[in-house]
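# Residue-level structural notes
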Amino acid sequence: MDSDQVLSSFVKVLVSDPERSAKFYEALGFKRTQAAPPFIHLQWEKRAEMYLVSLPPAVKMEGQRGLGVLLGFRIGAVDLEEVASRARAQGAHVEGPTVQPWFTREIIVTDPDGYRLNFIEPA
């Protein structure tokens, strides 16, 4: 990949079942770009990168994951209603859409591990 094409930031999340999580994210519209344990690399509309990381055997994750954090993704080719529909079809909890005072429409989708994904489009 050309250095001009490398995004400067990304998110990594620990997941209990990487393949289950990857299938969930792919159903929402993420594209798998690489998979080499312990990582599965995903992209959202060539704008955001995400790594699903296998939970190391010695690590115990108890309680809500990502408490206080929303992972934000701007809507592009796939509209907000389509993402919400795809998430519901996967059995995910979807909040919204909500029109925010900062001129966006947003939904929040909870993934299989409890991480909250915030999909955003202009209002």
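Look a little higher up for the structure.
Residues numbered from 1 in each chain as written. Predicted model: local features only at pLDDT ≥ 70, side-chain atom pairs only at ≥ 80, totals over all residues. Heavy atoms only, no water.

## A word on the pattern of salt bridges
Summed over the entire model, instances satisfying the criterion amount to eight salt bridges. The shortest N-O distance in the salt bridge between Arg 65 and Asp 113 comes to 3.2 Å. Linking Arg 65 in the loop between β4 (48–54) and β5 (71–74) with Asp 113 in the loop between β7 (104–110) and β8 (116–122), this pair joins segments that are 48 residues apart in sequence. For the pair shown, Arg 65 and Asp 113 are each scored as buried. Of the charged contacts, one joins Arg 116 and Glu 95 as a salt bridge, the two residues approaching to 2.8 Å between their closest N and O atoms. (Salt bridge = Lys/Arg side-chain N within 4 Å of Asp/Glu carboxyl O. Helix = DSSP H or I, 4+ residues; strand = E, 2+ residues; numbered from the N terminus. Buried < 20%, exposed > 50% of the residue type's maximum accessible area, 1.4 Å probe, protein only.)

## Digging into unusual backbone geometry
In this structure, the amide linkage connecting Pro 37 to the following residue, Pro 38, adopts the cis form with an omega of 10°. Mapped onto the secondary structure, Pro 38 falls in the loop between β2 (31–36) and β3 (39–44). Omega for the peptide link from Gly 96 to Pro 97 comes to 15°, which places this bond in the cis form. Tracing the sequence through the fold places Pro 97 in strand β6 (residues 94–100). Non-glycine residue Glu 45 carries a positive phi angle of around 50°. Turning to its location among the elements, Glu 45 is positioned in the loop between β3 and β4. The partly exposed category is assigned to Glu 45, whose relative accessible area is 22%.

## Section: the packing of aromatic side chains
Applying the stated rule across the entire model yields nine aromatic pairs. Arranged with centres 5.6 Å apart and planes meeting at 85°, the rings of Phe 24 and Tyr 25 form a pair that is edge-to-face. By relative accessible area, Tyr 25 is classed as buried at 0%. Put simply, the rings of Phe 24, Tyr 25, Phe 30, Trp 44, Phe 73 and Phe 119 pair up and form one aromatic cluster. (Phe/Tyr/Trp six-rings, centres within 6.5 Å; stacked < 30°, edge-to-face > 60°.)

## Points about the side chain of Glu 106
Within the fold, Glu 106 resides in strand β7. At 3.2 Å, the side chain of Glu 106 forms a polar contact with the side chain of Asn 118. Apart from residues lying up to four places away in sequence, Glu 106 is in contact with Leu 80, Glu 95, Gly 96, Pro 97, Thr 98, Gln 100, Asn 118, Phe 119 and Ile 120. (Polar contact = N/O pair within 3.5 Å; in protein donor to acceptor, adjacent residues only side chain to side chain. Contact = heavy atoms within 4.5 Å.)

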